[in-house]
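# Observations on chain architecture
So you can see what is in the structure, the chains are spelled out below.
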Amino acid sequence: MTTEIPDVAIVGGGICGLTTTLALERRGWTPTVYETASEYRPIGAGILLQTNALLVLDRLGIADRVREAGVPLEESLIRSANGRVLTRFDLNRVERADYGYGFVAIHRAELQRILLDELDAEVRTGMTCEAVTDTEAPVVRFTDGTQIEPDILIGTDGINSVVRDAVAPNVEPRALDSIVHRAIATVDLPEQHRTRGIEVWGEGTYAGGAPIDADRFYWFATAPESTAEGRTDSRPTKAMLRELFSEYPAPIPSVVESLDTDAVFSTGLADVPPLEQWHRGSVVVAGDAAHGMLPFAGQGAAQAIEDALTLAHEITAYGETTAAFEVFQDERKRRADRIRAESHRLGGLSTIQSRVGARIRNLAVGALPDAIFRRARRRRTSRTSLPETTASDRQSDIR
């Protein structure tokens, strides 16, 4: 056993980076986080945390705080644009009865606040990673001229990861022919929608969301890129949103009417193609940097959170980075790649730009037995994806 704890640097202070930091701290490590943003501010949209994410947060001792800060959902619906229910998920029956947790919708900033409150680690903001110039003995250069040489470098810096370039060079995100809009709407929801998540599959458009507190709703929607052609500002206008979504079933029209379009975040949709490997030397990537996925399975944050616990466990168990990273990749890559592929397929289905194709899709989805969807949910929620040991690992286990 060594007497000195290795120096761990985590580049990227989003959900994956902060959760990884917390999981390492629970095991006696003292990582340092380097985050691009100049400060953590209460901006952004919402996150739907599915059961598997909450199981990890329970291991870390913060699941109850997350549930209190968000809205536990009782059911989730997928509807067609004309209001027909294509499938319904009873989250109380299917999830809580089996796992102890259902789904929680929460503002991203609230989840970040909870994670930051739990940390003792130094979180350095305003630190934009420019390059990683070595992987065996990592050398990390930041745009302000700072250079660090940690023993272990963990890249959790998102879908456009700089750290990933050192592990898997020349990998570029692949785009989907759609734009996604996200926002938090302040709206008075009817009673039946206050604990319900919803998705609506239209013809080339897709919308949905969930309540994140008593009067706020996390809204998201996609539209073909052609709706933004010729515009210098990607933000949608209220008239555009009305044209696309005014005929959708409740509560989407009332949510759209309540939106402040200046507060809508609009981006392209993309995911990361499968990587051959997630690590090189003493450098490893996790979360969106390793397997950034489209949002249609609602698993992006959950898979990043699973990565965090598994990576912290393997680093603690093996110490020597090559062995730890190989086991981490073996434990996580197949599952994350499968869910990323599932999300890609769902994205293609839910954004079909053909009226005939959309009708065929809706008929097919509506005809499928609920058991098929429940099995798909269970595959995403498997307990076997989590390490057996809990957050009670101690510093004495570090080798």
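The written sequence of each chain sets the order in which its residues are numbered from 1. Note on the predicted model: pLDDT of at least 70 is required for a residue's local features to be given, and 80 or more for side-chain atom pairs to be given and counted; whole-chain, interface and lining totals, by contrast, use all residues. The basis for the side-chain values is all heavy atoms of the structure; hydrogens and waters are excluded.

An unreviewed UniProt entry lists the protein chain under the name FAD-dependent oxidoreductase, with Haladaptatus pallidirubidus given as the organism.

## Things to note about the pairing of strand β1 (residues 8-11)
What counts is decided by this rule: Each residue is assigned to one of three classes by its accessible area relative to the maximum for its type, calculated with a 1.4 Å probe on protein chains only: buried under 20%, partly exposed between the two thresholds, exposed over 50%. The helix and strand labels rest on DSSP assignments: H or I over at least four residues marks a helix, E over at least two residues marks a strand, and numbering proceeds from the N terminus. Strands are treated as partners if at least two bridges between them are detected by DSSP. Handedness is read with the strands pointing away from the viewer; a crossover is right-handed when the path from the first strand over the helix to the second is clockwise.
What you see with β1 is no split at all: Val-8 and Ile-10 on one side and Ala-9 and Val-11 on the other are buried throughout. With four bridges joining them, β1 and strand β12 (residues 152-155) adopt parallel strand pairing. Bridged to Val-11 within β12 is Gly-155. Note that β1 and strand β2 (residues 32-34) share three bridges and pair parallel. Within β2, the position partnered with Ala-9 by the bridge is Thr-32. Note that the unit made of β1, helix α1 (residues 15-25) and β2 has a crossover that is right-handed.

## Some details on the packing of aromatic side chains
Threshold: By convention, a stacked pair of Phe, Tyr or Trp rings (six-membered ring in the case of Trp) has centres within 6.5 Å and planes under 30 degrees apart, an edge-to-face pair has planes over 60 apart, and any other such pair is tilted.
Inspection of every chain in the model, using the stated rule, returns seven aromatic pairs. Seen from their ring centres, Tyr-206 and Phe-220 are 5.7 Å apart, and the 25 degrees between their planes marks the pair as stacked. Of this pair, Tyr-206 sits in strand β15 (residues 206-213) while Phe-220 sits in strand β16 (residues 216-223), placing them 14 residues apart in sequence. Take Tyr-206: its relative accessible area is 4%, and that puts it in the buried class. Seen in terms of ring centroids, Phe-245 and Tyr-248 are 5.2 Å apart; in terms of plane orientation they differ by 80 degrees. Their pairing is edge-to-face. Classification of Phe-245 by relative accessible area gives buried; the value is 0%. Tyr-248 sits in the buried class, given a relative accessible area of 7%. Three or more aromatic residues joined by ring pairs form one cluster here, namely Tyr-206, Tyr-218, Phe-220 and Phe-296.

## What to know about the environment of Val-8
For Val-8, the location among the structural elements is in strand β1. As a C-alpha pair, Val-8 and Leu-153 span 145 residues in sequence and 6.0 Å in three-dimensional space.

## What about the nonpolar core?
Heads up, the rule is: For our purposes a nonpolar core is just a set of buried Ala, Val, Leu, Ile, Met, Phe, Trp, Tyr and Cys residues, chained together by side-chain atoms within 4.5 Å. Here, residues are in contact when the closest pair of their heavy atoms is within 4.5 Å.
Counting residues in each nonpolar core, the largest one holds 67 residues, and the members touching the most others are Leu-49, Leu-57, Val-66, Leu-111 and Ile-154. Each residue touching Leu-111, except ones within four places of it in the same chain, is listed here: Ile-15, Ile-47, Leu-49, Leu-57, Val-66 and Ile-106. Judged by nonpolar contacts, the second largest core, of 23 residues, contains Phe-103, Ile-212, Phe-220 and Phe-296.

## Topic: helix α2 (residues 51-59)
With respect to burial, α2 is a largely interior element, seven of its nine residues being buried. Looking at α2, one finds that the buried residues are Thr-51, Asn-52, Ala-53, Leu-54, Leu-55, Val-56 and Leu-57. Two residues or fewer past α2, Gly-61 is found with a positive phi of approximately 80 degrees.

## Details of the sheet that holds strand β10 (residues 139-142)
Sheets are built from strands paired through backbone hydrogen bonds, the pairs being either parallel or antiparallel. Across the sheet, three strands lie side by side as β9-β10-β11; this open sheet has antiparallel pairing. Looking at the sheet topology across the chains shown, the edges are occupied by β9 (129-134) and β11 (147-148). Two strands pair when backbone bridges link them, and β10 and β11 are joined in this way by two bridges, in the antiparallel orientation. Note on β11: the bridge partner recorded for Val-140 is Ile-148.

## Let's talk about the packing of helix α10 (residues 300-318) against helix α11 (residues 321-350)
Convention followed: Lines fitted to the C-alpha atoms define the axes, with helices restricted to the stretch that makes contact. Angles between their N-to-C directions range from 0 to 180 degrees. Angular relationships are summarised with four words: roughly parallel below 35 degrees, roughly antiparallel beyond 145, roughly perpendicular across 65 to 115, and oblique for the angles in between. The sense of a crossing depends on the near helix, which, turned anticlockwise from the far helix by less than a right angle, makes the crossing left-handed and, turned clockwise, makes it right-handed. Residues are grouped as follows: Ala, Val, Leu, Ile, Met, Phe, Trp, Tyr, Cys and Pro are nonpolar; Asp, Glu, Lys and Arg are charged; all remaining types, including Gly, are polar.
The interhelical angle for the contact between α10 and α11, taken along N-to-C directions, is 160 degrees, at an axis separation of 8 Å. When the interaxial angle is binned, α10 and α11 end up roughly antiparallel. For the pair α10 and α11, the sense of crossing is right-handed. Listed contacts from α11 to Gln-303, Glu-306, Asp-307, Thr-310, Leu-311, Glu-314, Ile-315 and Tyr-318 of α10 are Ala-323, Ala-324, Phe-325, Val-327, Phe-328, Glu-331, Arg-332, Arg-335, Ala-336 and Ile-339. Split into classes, the residues belonging to the contact of α10 with α11 amount to 10 nonpolar, two polar and six charged.

## Brief notes about α11
The condition is simple: In a helix, the anticipated span is given by 1.5 Å times the number of residues less one. Polar contact is defined as a pair of N or O atoms within 3.5 Å, subject to the rule that within protein one atom must be able to donate a hydrogen and the other to accept it, and that residues adjacent in sequence are counted only when both atoms are side-chain atoms.
For α11, which comprises 30 residues, the first-to-last C-alpha distance of 41 Å matches the rise-based estimate of 44 Å (1.5 Å per residue) to within 8%. Between a side-chain oxygen at the N-terminus of α11 and the backbone nitrogen of Thr-322 the separation is 3.2 Å; the capping residue is Glu-320.

## Quick notes on the sheet that holds β16
An order of β6-β5-β14-β15-β16-β13-β17 is seen for the seven strands of this open sheet, with the pairing classed as mixed. The open sheet has two free edges, formed respectively by β6 (85-90) and β17 (265-271), since each of these has just one partner strand. Ignoring strand direction, the axes of neighbouring strands in this sheet form an average angle of 20 degrees. In this sheet, strand β14 (residues 196-201) lies alongside strand β5 (residues 75-80) in parallel orientation, the contact comprising six bridges. The residue bridging Ser-80 from the neighbouring strand is Trp-201, located in β14. Across the sheet, helix α7 (residues 238-245) lies against β15 and β16, angled at about 80 degrees from β16, the strand it touches most. Contacts between α11 and the sheet are confined to β13 (174-186), β14, β15 and β17, with β13 contributing the most and set at about 80 degrees to the helix.

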